[in-house]
Amino acid sequence: MQRVRIALTLGLVLSVPLHAAVAAEDILLKTALDAQAGSVERARAFADLRAVATDKSISALASLLSDRAWSHPARSVLEALPGPAADRALLQALDAVSDETLRAGVVNSLGHRRCTEAAAPIAKLLGAGSSVMTEAALNALGEIASSRALEALLAYQPTAASTTSWADALVRAADSLQRRDRSNAFKAYQLVVSRGPDAQVVAATVGLAHLAEDPVWSVVDALSSKRRPRQLAALALLRAGEFGPALTEAVGRSFGTLAPPLQVQVLSVLQDRGDRAAVSTARTGIRSSDTTVRAAAAKLLAVFGEESDAAGLVPMMTGEDDLAASARLALSRLPGDHPTRLLLDAFHGTGAVRAAALEVLVARGYRALVPELVRPELYADENFSGPAANALATLGTGRDFRVALELYRQVPPARRPLLDAALRRLATKDSDAATATAAVVAALEKLPASESGSLYVLLAAIGGDAAFDALSAAAKSAAVEQRKAALRALGNWRDVQPTTFLLERARDDVDAAVRSSAVRAATNLYSKSAFGGAGAGPVAALVPGAIGGLKKTWPLATNRMDRNAILVALRGLKDPNAKALADEWEAVMK
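Residues numbered from 1 in each chain as written. Predicted model: local features only at pLDDT ≥ 70, side-chain atom pairs only at ≥ 80, totals over all residues. Heavy atoms only, no water.

**What about the pattern of salt bridges?**
Here's step 1: Under the criterion given, the structure shown has 29 salt bridges.
Here's step 2: Linking Lys299 and Asp322 is a salt bridge whose minimum nitrogen-to-oxygen distance equals 3.3 Å. Of this pair, Lys299 sits in helix H19 (residues 291-304) while Asp322 sits in helix H21 (residues 322-333), and the two are 23 residues apart along the sequence.
Here's step 3: What makes Lys299 partly exposed here is its relative accessible area of 29%.
Here's step 4: It is possible to trace a salt-bridge network through shared partners that takes in Arg114, Glu143, Asp168 and Arg172. (Salt bridge = Lys/Arg side-chain N within 4 Å of Asp/Glu carboxyl O. Helix = DSSP H or I, 4+ residues; strand = E, 2+ residues; numbered from the N terminus. Buried < 20%, exposed > 50% of the residue type's maximum accessible area, 1.4 Å probe, protein only.)

Structure below.
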């Protein structure tokens with residue numbers, strides 16, 4: 001029998017035609033009221049009845065409002081019914097239901113339906129029963145949000161336990177009545193601001209601003225308040241930008257009266273807002289004695305600052321703290337030539353100021369600084385050499401490559417490693433490979449063989465036939481150290497082009513150390529050939545070629561260190577065949 005009932009219930013509820021709705025309502029209501037039916041079946045009937053119930057179900061549903069087990073399901077159906085009949089049934093139950101918990105449920109339902117006729121009887125329940133009833137009444141009045149409901153909330157004197165619910169109800173009712181009952185809504189917001197908990201004070205402060213004759217003054221007054229919730233509300237309104245530049249300007253006029261932490265928050269909000277009217281406030285903040293305020297002001301000037309702001313920012317740009325970083329950021333973004341001129345003056349100074357100016361000029365993309373960066377005397381200062389070389393790499397182009405090579409030759413050998421990265425970047429930015437190679441070869445001719453290693457690596461970075469020919473020739477020179485340096489550089493080549501030559505040198509060179517250098521270089525190139533790019537793992541399709549190359553290299557490795565390097569390369573391929581080969585060769589070594 002139960003299966004038949006469930007089938008009938010589901011079949012009728014899921015049917016679409018309107019003519020079946022009445023039948024569905026009758027059957028669902030019968031199931032819902034059937035004390036012999038299972039609780040799951042009845043609960044499902046109540047749930048489905050919400051979609052099809054009409055006024056004819058109200059009387060039966062109302063009879064369950066005093067039933068502890070089925071009052072809530074019955075109320076949920078009544079809540080969904082349109083029209084005044086359901087309101088009347090619930091209002092009658094408000095007097096008829098004696099159980100206070102169930103009665104509180106009826107109050108909640110009337111609030112959910114926003115039944116304006118219920119405001120007066122529900123108002124009488126405030127403070128007249130348990131905390132459960134009081135909470136239900138407050139919540140319902142806040143939902144009903146009629147003038148009568150709001151008046152009842154205004155008249156109520158909350159206990160400590162009910163203050164939050166009371167304030168929340170007042171705010172909700174006032175929000176709904178802002179246009180229809182402006183006077184009482186204003187009173188409600190004021191009352192919450194004076195007596196409510198923090199969260200509701202924030203909401204009431206926002207409401208007051210929207211009702212105030214002078215909303216800008218209202219927000220500024222809240223911002224200037226000593227109460228944190230009011231300040232937060234004002235910051236939220238400032239961030240929202242509802243009152244436009246007028247509010248931004250008014251906040252700027254009162255900015256000096258605010259405490260530094262609040263000033264920082266105001267500046268941060270104005271930065272997020274993107275309101276150009278905030279620039280005057282930033283200029284006030286930049287003169288503050290508080291470093292956190294100055295830092296926040298500098299960040300705002302990074303968005304809206306003008307040429308004239310540079311003079312105030314330059315003295316702040318030196319150091320590692322947030323203020324210095326913010327000043328450098330702002331200076332890097334200010335428009336016009338005046339900031340650049342001030343920064344150049346600082347660059348021609350000494351110490352930390354010079355380094356800070358260099359950083360900002362690079363951030364501004366000031367290409368005209370390059371001739372300054374290739375003066376050898378700059379690199380006498382060990383603390384300035386690194387930043388200068390990095391600036392040259394960033395600002396320079398391929399057209400600056402030759403002069404950078406000349407600089408490399410002129411600086412002391414101890415400073416040259418700082419220029420390696422700059423030379424590689426300049427050589428590959430927009431230079432012709434053959435032209436760049438010719439420039440490097442010319443520079444090599446002016447350097448002792450013992451100082452040529454880095455330029456050999458540079459040739460490998462440039463690549464191309466001319467660079468390969470130059471390195472091949474160096475790898476056959478009479479000087480052992482020069483041959484080793486050239487072979488190590490070939491190990492940095494971008495592909496396996498040099499491997500045939502490297503294996504030849506590993507086999508034929510008369511010096512054991514040179515042969516070892518060739519083996520190591522070939523091992524490195526074959527190992528790299530299996531990887532798809534920076535940070536990527538081995539590519540399965542490329543692994544067999546790498547294994548084949550390492551097989552060619554293994555017989556030429558005559559010392560344990562070179563052989564260990566090949567074993568490490570094989571295992572790095574993450575391939576079963578490569579691992580098996582490495583295990584086999586390792587066993588032979590033992």
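Following the structure, the description resumes.
**Quick notes on the packing of aromatic side chains**
Here a ring pair, both rings aromatic, is described through the centre-centre distance and the interplanar angle of the planes.
Here's step 1: Taken as a whole and judged by the stated rule, the model has five aromatic pairs.
Here's step 2: Between Phe46 and Trp70 the ring centres are 5.6 Å apart and the planes differ by 20°, which places this aromatic pair in the stacked class. Here Phe46 is found in helix H3 (residues 39-52), whereas its partner Trp70 is found in the loop between helix H4 (58-62) and helix H5 (71-80), with 24 residues between them in sequence. In this pair, the class of Phe46 matches that of Trp70, namely buried.
Here's step 3: Here the aromatic rings of Trp554 and Trp585 are separated by 4.4 Å at their centres, their planes lie at 15°, and the arrangement is stacked. (Phe/Tyr/Trp six-rings, centres within 6.5 Å; stacked < 30°, edge-to-face > 60°.)

**As for the environment of Pro121**
Here's step 1: Structurally, Pro121 is set in helix H8 (residues 119-123).
Here's step 2: Overall, Pro121 belongs to the partly exposed group, its relative accessible area being 29%.
Here's step 3: Setting aside chain neighbours within four positions, we find Pro121 in contact with Leu91 and Leu94. (Contact = heavy atoms within 4.5 Å.)

**Brief notes about the environment of Ser76**
Here's step 1: Residue position: Ser76 is located in helix H5.
Here's step 2: Given a relative accessible area of 16%, Ser76 falls into the buried group.
Here's step 3: Separated by 30 residues in the primary sequence, Ser76 and Phe46 have C-alpha atoms spaced 8.2 Å apart.

**Looking at the side chain of Arg328**
Here's step 1: Along the chain, the position of Arg328 falls in helix H21.
Here's step 2: Judged by relative accessible area, Arg328 falls into the buried class, the value being 11%.
Here's step 3: Setting aside anything within four residues of it in sequence, one finds Arg328 in contact with Met317, Thr318, Gly319, Ala356, Glu359 and Val360.

**Considerations on the side chain of Ser477**
Here's step 1: On the secondary structure map, Ser477 appears in the loop between helix H30 (465-474) and helix H31 (480-490).
Here's step 2: On the basis of relative accessible area, Ser477 is assigned to the buried category, the value being 17%.
Here's step 3: Within the local environment of Ser477, its side chain forms a polar contact with the side chain of Gln482, the two groups lying 3.4 Å apart.
Here's step 4: Sequence-distant contacts of Ser477, that is, excluding residues within four places in its chain, are made with Gln482 and Arg483. (Polar contact = N/O pair within 3.5 Å; in protein donor to acceptor, adjacent residues only side chain to side chain.)

**Digging into the packing of helix H26 (residues 401-410) against helix H27 (residues 416-429)**
Here's step 1: Between H26 and H27, the least distance of the axes is 10 Å, while the angle of their chain directions is 165°. Taken together, the axes of H26 and H27 lie roughly antiparallel to each other. By crossing handedness, the relation of H26 to H27 is classed as left-handed. For the pair H26 and H27, the contacting residues are Phe401, Ala404, Leu405, Leu407, Tyr408 and Arg409 in the first and Arg416, Leu419, Asp420, Leu423, Leu426 and Ala427 in the second. (Axes fitted to C-alpha atoms, helices over the stretch in contact; angles between N-to-C directions. Parallel < 35°, antiparallel > 145°, perpendicular 65-115°, else oblique. Left-handed = near helix turned anticlockwise from the far one by under 90°.)

**Section: the nonpolar core**
Here's step 1: In terms of nonpolar packing, the biggest core is built from 128 residues, with Leu373, Leu392, Phe401, Leu455 and Leu570 touching the most fellow members.
Here's step 2: Excluding anything up to four places from it in sequence, Leu455 contacts Leu405, Tyr408, Leu423, Val440, Ala443, Leu444 and Leu447.
Here's step 3: Ranked by size, the runner-up nonpolar core spans 67 residues in total, among them Ala89, Ala93, Ala169 and Val193. (Core = buried A, V, L, I, M, F, W, Y, C linked by side-chain atoms within 4.5 Å.)

**Concerning unusual backbone geometry**
Here's step 1: At Arg114, a position not held by glycine, the phi torsion is positive, near 50°.
Here's step 2: As for its placement among the helices and strands, Arg114 is situated in the loop between helix H7 (100-112) and H8.
Here's step 3: Positive phi, normally seen in glycine, also occurs at Lys574, with a value near 55°.
Here's step 4: Within the secondary structure layout, Lys574 lies in the loop between helix H35 (560-571) and helix H36 (576-589).

**Examining helix H15 (residues 228-240)**
Here's step 1: Here H15 spans 18 Å end to end across 13 residues, near enough to the 18 Å set by a 1.5 Å rise per residue.
Here's step 2: Residues Pro229, Arg230, Gln231, Ala233, Ala234, Leu235, Leu237 and Leu238 constitute the buried set of H15.
Here's step 3: Where H15 is buried, its residues meet helix H12 (182-195), helix H13 (198-211), helix H14 (215-224), helix H16 (244-254) and helix H17 (260-273).
Here's step 4: Looking one or two residues beyond H15, the residue adopting positive phi is Gly241, at roughly 70°. (Expected span 1.5 Å × (residues − 1).)

**Some points on the packing of H35 against H36**
Here's step 1: At a minimum axis distance of 8 Å, the contact between H35 and H36 shows a crossing angle of 160°. The orientation of H35 relative to H36 falls into the category roughly antiparallel. Relative to H36, the crossing made by H35 is left-handed. Note on element contacts: H36 touches H35 through Ala578, Leu581, Ala582, Asp583, Trp585, Glu586 and Met589, opposite Arg560, Arg563, Asn564, Ile566, Leu567, Leu570 and Arg571.

**With respect to the environment of Lys226**
Here's step 1: Inspection of the secondary structure assignment puts Lys226 in the loop between H14 and H15.
Here's step 2: Note on Lys226: relative accessible area 79%, which makes it exposed.
Here's step 3: Each C-alpha atom, one on Lys226 and one on Val303, is 30 Å from the other, the two residues being 77 residues apart in sequence.

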